[in-house]
Amino acid sequence: MNKQNMLPVPPKMATFSLTIEEGERAKLMAFMSSDSWERAEKVRHASIQECTKNLEHCVRWAERDCGSSRVFAHFLASLYNGFRVETAVNDIGVLDPESFEHLMNAMRLCYMTQREPHTFIDNGSKIFEEIISQWGIGRKCNG
């Protein structure tokens, strides 16, 4: 707001030119009118507490059997125990921007606190082991 007359200040505008295939116009317009970028931007600037909620969100997805659940499961299992579960990082490319940011915040949480992901969740070791078992991933441990 402009403090002198309390009128909203118009946003600065930019002009650009874009050339796309004719059949892709509807797709571009759907993207431009969605709020997916704004939702992802909000997740990008999360606090430690919000990152913990992001981790919990990722765990819930990993426990499902739908859509991008496999990506969440493999990534979290590798974050939990990278020796047992190796994952192809390029798999995260299938995630929508908001889901990608949730996963990055889960990793950011572990990095910033120098803690393993299961330590943020009640019965975390059991839950992560169940995810590994459910998805049949990881090497078997001797002992």
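Just so we're clear, the structure is a prediction, and the values are computed from it rather than from any experiment.

(A) Region of interest: the overall build of the chain. Check the secondary structure of the chain and you find six helices and zero strands. In summary, the chain has a C-alpha radius of gyration of 20 Å against a globular reference of 15 Å for 143 residues, an excess of more than 25%. For the C-alpha atoms alone, the extent of the chain along its principal axes is close to 70 × 45 × 20 Å. Looking at the chain as a whole, 31% of its 143 residues are labelled buried.

(B) Structural context of the packing of helix α4 (residues 69-80) against helix α6 (residues 124-135). Two numbers describe how α4 lies on α6: the axes approach to 10 Å, and their chain directions differ by 130°. Taken together, the axes of α4 and α6 lie oblique to each other. For the crossing formed where α4 meets α6, the hand is left-handed. Of α6, the residues touching α4 (which contributes S69, R70, A73, L76, A77 and Y80) are S125, F128, E129, I131, I132 and W135.

(C) Spatial organisation of the pattern of salt bridges. Applying the stated criterion across every chain, the model contains three salt bridges. A salt bridge links D91 to R70; its shortest N-O distance comes to 3.2 Å. In this pair, D91 sits in the loop between α4 and α5 (97-113) while R70 sits in helix α4, placing the two residues 21 residues apart along the sequence. Taking relative accessible area as the criterion, R70 reaches 36% and is therefore assigned partly exposed. A salt bridge links E130 to K126; its shortest N-O distance comes to 3.5 Å. Note that E130 and K126 are positioned in helix α6 at a spacing of four residues, about one turn of the helix.

(D) Representation of the state of the cysteines. Evaluated as defined, the whole model comprises zero disulfides. Of all cysteine sulfurs in the structure, the one in C110 sits closest to C51, which takes part in no disulfide; the separation is 9.6 Å. Its sulfur unpaired, C66 is 14 Å from the next cysteine sulfur, which belongs to C58.

(E) Region of the structure containing the packing of aromatic side chains. Summed over the entire model, instances satisfying the criterion amount to two aromatic pairs. For the ring pair W61 and F72, a centre distance of 6.0 Å and an interplane angle of 20° mean the geometry is stacked. Taken together, the residues span a long stretch of sequence, with W61 in helix α3 (residues 48-62) and F72 in helix α4 at a distance of 11 residues. For W61, a relative accessible area of 21% gives the class partly exposed. By relative accessible area, which is 0% here, F72 ends up buried.

(F) Spotlight on a nonpolar patch on the surface. There is a patch of nonpolar side chains on the surface, built from F16, L18 and I20 and spanning about 330 Å² of accessible area. Tracing the backbone shows F16 in the segment before α1 (25-33). For F16, a relative accessible area of 64% corresponds to the exposed category.

So, how was this worked out
Within each chain, residues carry numbers counting from 1 in the order of the written sequence. Totals for whole chains, interfaces and linings use every residue, but because this is a predicted model, local features are given only for residues with pLDDT of at least 70 and side-chain atom pairs only at 80 or more, for both listing and counting. Side-chain metrics in this entry use all non-hydrogen atoms of the structure; hydrogen atoms and water are not considered. Going along the chain from the N terminus, every DSSP run of H or I of four or more residues is numbered as a helix, and every run of E of two or more is numbered as a strand. Here the globule rule is a power law, 2.2 Å times the number of residues to the power 0.38, and the radius of gyration is based on C-alpha atoms. Burial here depends on accessible area, computed with a 1.4 Å probe over protein chains only, as a share of the maximum for the residue type. Under 20% is buried, over 50% is exposed, and the range in between is partly exposed. Only C-alpha atoms enter the line fits that serve as axes; for helices the fit covers just the stretch in contact. Angles between N-to-C directions range over 0 to 180 degrees. Roughly parallel covers angles under 35 degrees, roughly antiparallel covers those over 145, roughly perpendicular covers 65 to 115, and oblique covers all other angles. Crossing handedness is read from the near helix: turned anticlockwise from the far helix by less than a right angle, it gives a left-handed crossing, and turned clockwise, a right-handed one. Whether two residues are in contact is decided by their heavy atoms: any pair within 4.5 Å suffices. Any carboxyl oxygen of Asp or Glu within 4 Å of a side-chain nitrogen of Lys or Arg constitutes a salt bridge here. Throughout, a disulfide means two cysteine sulfur atoms within 2.5 Å of one another. Classification of ring pairs uses Phe, Tyr and Trp, with its six-membered ring standing for Trp, and accepts pairs whose centres are within 6.5 Å; under 30 degrees between planes counts as stacked, over 60 as edge-to-face, and the remaining range as tilted. In this analysis, a patch consists of residues with relative accessible area above 30% that form no salt bridge, clustered at 9 Å for like charges and at 5 Å for the nonpolar side chains Val, Leu, Ile, Met, Phe, Trp and Tyr. The Shrake-Rupley method, run with a 1.4 Å probe sphere, supplies the accessible areas, and residue values consider only the shown protein chains as cover.

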